[in-house]
Amino acid sequence: MKATQELNNLGQSLWLDNITRDLLNNGTLQRYIDELSTTGLTSNPTIFHQAIKNSQSYDSAIQTKFKNGERGEQLFFEVALEDITQAADLFRPVWDKTDGVDGWVSLEVSPLLAYDTESTLAAAKDLHARAGRPNVLIKIPGTKEGLPAIEEATFAGIPVNVTLLFSSEHFVEAAEAFLRGVERRIEAGLNPAVGSVASLFISRWDRAVVDQVPDSLHNRLGVTVGKRAYKAYQDLLNSPRWQRALNSGARPQRLLWASTGMKDPNASDILYITSLASPFTVNTMPENTLNAFADHGEVGPALPADGGDCEDVLNEFEKAGIDVQALAAKLQEDGAESFVKSWNELMEVIIAKSESLANVD
């Protein structure tokens, strides 16, 4: 049995953190579903930037849409929705089989809206309606301004992938925003079973402190923060408030491990997969990480529900001069800025390709 199947049997969903038109059209994604227990997919501006920049597979669609008068951001979302809906259709059997627990595909609102509540909500509603698929999650950042949009989107019945979370505190704030939306649906007599995941970023922690801590602490902070968030997740699910919502038909918001590709060549390329094995969570991983885990992965013990040694390890980082709470805030801010940078680069690629293809027969 492949390690991917073993991890899936443990109760964790394996999602692919990538999308390209070639991946969809050449059967690779279907093979990952059939052979590597892949049950969902995530995308972001960086992924689409690389996909469109490095492939001619989008040229025909870009050319046609440009000639039809579409430009820039509008053109991009039309192209992206073609990929997202195709992927959603591939995962629809998983969504149906699990009654909406799994089989999701994620599309992000413009990162330029990360600090604009009303525009984020409007964009989320628009994209979900245009996708026209029940198994599409709209990614909304868990920034202070994003939290009200998460609550309102949930209340409107829009499935949300909360992105750019970096700490247990970030996770709890996002989970409570989701829960408020669910509770309002219950109070209004609406179906409270709205899908959602909360994405906690892992690898960026370790990259941020690599030059500030001793070797003994290298590549340990991300997983440790994950352990603390997993304890908060378990505590929330077992809280009276959540139990009441579940009793009314709500679905738990699942914790998702994001940014799980290893950047350190001296570390295991599957460290963030083996170390974060945990039931009723999702691990979305880059394509090379998925294949590496299928090739030489091993499923070890699951994360302890009580967080294990996370507080002791975090104390070691504090002693090494790392202010974890301050770093979480900085990582969220830097993450939002990096997605804006990727978005601007993506728009430049869209404009350049549109203009270069405009007069091509």
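Here, the structure is the one placed above.
What comes next is a walk through the structure. Bear in mind that the values here come from a model prediction, so they are computed numbers and not experimental data. (Residues numbered from 1 in each chain as written. Predicted model: local features only at pLDDT ≥ 70, side-chain atom pairs only at ≥ 80, totals over all residues. Heavy atoms only, no water.)

## Concerning the pattern of salt bridges
For clarity, the cut-off: Any carboxyl oxygen of Asp or Glu within 4 Å of a side-chain nitrogen of Lys or Arg constitutes a salt bridge here. Put simply, DSSP H or I for four residues or longer makes a helix, DSSP E for two residues or longer makes a strand, and each gets a number counted from the N terminus. Buried residues are those whose accessible area, probed at 1.4 Å on protein chains only, stays under 20% of the maximum for their type, while exposed residues exceed 50% and partly exposed ones sit between those limits.
Counted under the stated rule, the structure contains 21 salt bridges. For aspartate 96, the salt bridge goes to arginine 92, with nearest N and O atoms at 2.9 Å. Of this pair, aspartate 96 and arginine 92 both sit in helix 6 (residues 72-97), four residues apart, which is roughly one turn of the helix. Accessibility expressed as a relative area gives 44% for aspartate 96, which makes it partly exposed. Assessed through its relative accessible area of 31%, arginine 92 is described here as partly exposed. For aspartate 126, the salt bridge identified is with arginine 130, shortest N-O distance 2.8 Å. Here aspartate 126 pairs with arginine 130, and both are found in helix 7 (residues 117-131), just four residues apart, close to one helical turn.

## Points about helix 16 (residues 324-357)
The condition is simple: Helix span is expected to be 1.5 Å times the residue number reduced by one. In protein, a polar contact requires one atom able to donate a hydrogen and another able to accept it; more generally it is a pair of N or O atoms within 3.5 Å, and residues adjacent in sequence count only if both atoms are side-chain atoms.
If you check helix 16, its first and last C-alpha atoms are 48 Å apart, about what 34 residues at 1.5 Å a residue would give, namely 50 Å. The N-cap residue of helix 16 is aspartate 323: its side-chain oxygen and the backbone nitrogen of glutamine 325 are 3.3 Å apart.

## Some words on the packing of helix 4 (residues 45-53) against helix 16
We apply this condition: Geometry is summarised by axes, namely lines fitted to C-alpha atoms with helices restricted to the contacting stretch, and by angles between N-to-C directions that run from 0 to 180 degrees. Here is the rule for angles: anything less than 35 degrees is roughly parallel, anything more than 145 is roughly antiparallel, 65 through 115 is roughly perpendicular, and the remaining ranges are oblique. Crossing chirality is assigned from the near helix's rotation relative to the far helix, an anticlockwise turn below a right angle marking it left-handed and a clockwise turn marking it right-handed. For this analysis, residues touch if any pair of their heavy atoms sits within 4.5 Å. Think of it as three bins: nonpolar holds Ala, Val, Leu, Ile, Met, Phe, Trp, Tyr, Cys and Pro, charged holds Asp, Glu, Lys and Arg, and polar takes everything else, Gly as well.
Where helix 4 contacts helix 16, the axes come no closer than 8 Å and their chain directions differ by 25°. The orientation of helix 4 with respect to helix 16, classified from their angle, is roughly parallel. The handedness of the crossing between helix 4 and helix 16 comes out as left-handed. Every residue of helix 16 that contacts helix 4 at Pro45, Thr46, Phe48, His49, Ile52 and Lys53 is listed here: Phe339, Ser342, Trp343, Glu345, Leu346, Val349, Ile350 and Lys353. A class-by-class count of the residues in the contact of helix 4 with helix 16 yields eight nonpolar, three polar and three charged.

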